[in-house]
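# Remarks on the overall topology
Given next are the chains, with one letter for each unit.
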Amino acid sequence: DEITLSVLAAIEPSLRMAEIDRVKRKRPENLHAYDLVLRALPFAMTRMPTGAETAIPLLHQAIALDATYVMAHAALAWCYHALYYRAARRPEHDAAAIHHARAVLDLGSDDATALSLAAFALAMSTDRDHETGLSLFDRAIHLSPSSVLAWGYSAMLLAYAGRTEEAIRRAERALRLSPFDWHSFVAHQSLAVACFLAGRFEESAEAARRAVQVNPGYSLAHAYLAAALARLGRTDQAGMAGKQVLALEPQFTIRSLEGFFPDPNDWASLAAAMRLARLPD
């Protein structure tokens, strides 16, 4: 069973990237809803505002062609969530993330990837619907036990909630299934957060480094690396990681992460470490 799941987990991202490469060769006027979503995904997967801004018009075109396309709604929820937290926290972006995530539920999706994206967007929106998010992740894993996305993002949600041991188990599961999946940066980042909150700073720094290696353009991975290095007393390295955060996201503030952590003690510990890395409040 483990071998079967690992094979499936390895094949899925390879097929996805092959399909994305295929659609790049199609003329824009020949794109269908599926093709538009595929064209949007590489930008959405950056989890950064510039990527989201490129993906969103393509995804709205897909919905214009097919209003019931759950993957388009899920990717829009993901993009608007990234825009809200990484770009000025505009209320309309948060509302749009919630709207499209709930559209996935209303349409009754059995797509594990769509459910995972909707689950994370709902749980991490201002609604803070963690219970619905976790139940959706469990449904996604039931539908597709090889889904690295479901294991990795559910680990992230559990890490933020302070349920560190559960988060570590799920993140390690994702990495065992498919260590070379592009989405593995999510599992590495989940480990970085969970290990930090558990006081395992060396492991946190190593996991954050791996997240940075997989997705070097994602500012949060560098921020968690800076925090772990600061706690280890490696202030020069922490400062360099902090500078990289600001190079990628000039408007970054420590306060922008506060809503991620329900436990004020967890938040205070992380915020103090980021200040040591000279990141701005």
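Let us look at the structure shown here.

About the cut-offs
- In every chain, residue numbers begin from 1 and rise along the written sequence.
- Owing to the predicted nature of the model, reporting of local features is limited to residues with pLDDT of at least 70; listing and counting of side-chain atom pairs is limited to 80 or more, with chain, interface and lining totals taken over all residues.
- As a rule here, side-chain values come from all non-hydrogen atoms in the structure, and water together with hydrogens is ignored.
- Every helix listed is a DSSP run of H or I at least four residues long, and every strand listed is a run of E at least two residues long, numbered separately from the N terminus.
- Note on exposure labels: buried denotes an accessible area under 20% of the residue type's maximum, exposed denotes more than 50%, and partly exposed covers the range between, all computed with a 1.4 Å probe on protein chains only.
- Accessible surface area values rest on a Shrake-Rupley calculation with a 1.4 Å probe, where residue burial reflects the displayed protein chains alone.
- Between N-to-C directions, angles span 0 to 180 degrees; the directions come from axes that are lines fitted to C-alpha atoms, helices contributing only their stretch in contact.
- Note that the term roughly parallel is reserved for angles under 35 degrees, roughly antiparallel for angles over 145, roughly perpendicular for angles of 65 to 115, and oblique for everything else.
- We call a crossing left-handed when the near helix sits turned anticlockwise from the far one by less than a right angle, and right-handed when that turn is clockwise.
- By definition, residues are in contact when any of their heavy atoms lie within 4.5 Å.
- Note on residue classes: Ala, Val, Leu, Ile, Met, Phe, Trp, Tyr, Cys and Pro are nonpolar, Asp, Glu, Lys and Arg are charged, and everything else, Gly too, is polar.
- The set of buried Ala, Val, Leu, Ile, Met, Phe, Trp, Tyr and Cys residues whose side-chain atoms join them within 4.5 Å is what this entry labels a nonpolar core.

Scanning the protein chain from N- to C-terminus turns up 14 helices and zero strands. Scanning the protein chain from its N terminus toward the C terminus, one meets helices and strands in the order α-α-α-α-α-α-α-α-α-α-α-α-α-α. Residue burial in the protein chain is summarised as follows: out of 281 residues, 57% are buried. Counting every atom, the protein chain has about 11,800 Å² of accessible surface; 56% of that belongs to carbon and sulfur.

Even without glycine at this site, Arg128 takes up a positive phi of about 50°. Inspection of the secondary structure assignment puts Arg128 in the loop between helix H6 (112–123) and helix H7 (130–143). In this model, Arg278 sits at a positive phi of 65°, which is unusual for a non-glycine residue. Considering the arrangement of structural elements, one finds Arg278 in the segment after helix H14 (264–276).

Between two packed helices, the angle of one axis relative to the other and the distance separating the axes together describe the packing. Following both chains from N to C, one finds helix H2 (residues 33–44) and helix H3 (residues 49–65) inclined at 165°, their axes separated by 8 Å at the closest point. Regarding the angle of H2 to H3, the classification is roughly antiparallel. When the axes of H2 and H3 are compared, the crossing they make is left-handed. Across the interface between the two elements, Ala33, Leu36, Val37, Arg39, Ala40, Phe43 and Ala44 of H2 pack against Gly51, Ala52, Thr54, Ala55, Leu58, Leu59, Gln61, Ala62 and Leu65 of H3. Its residues assigned to classes, the contact of H2 with H3 shows twelve nonpolar, three polar and one charged.

On to the nonpolar core. In this structure, Tyr160, Tyr224, Phe252, Leu257, Phe260, Phe261 and Met274 are the most contacted members of the largest nonpolar core, which totals 110 residues. Excluding residues within four positions of it along the chain, Phe252 makes contact with Arg86, Leu220, Ala223, Val245, Leu246, Leu257, Met274, Leu279 and Pro280.

Any functional reading would require information that these geometric values do not contain.
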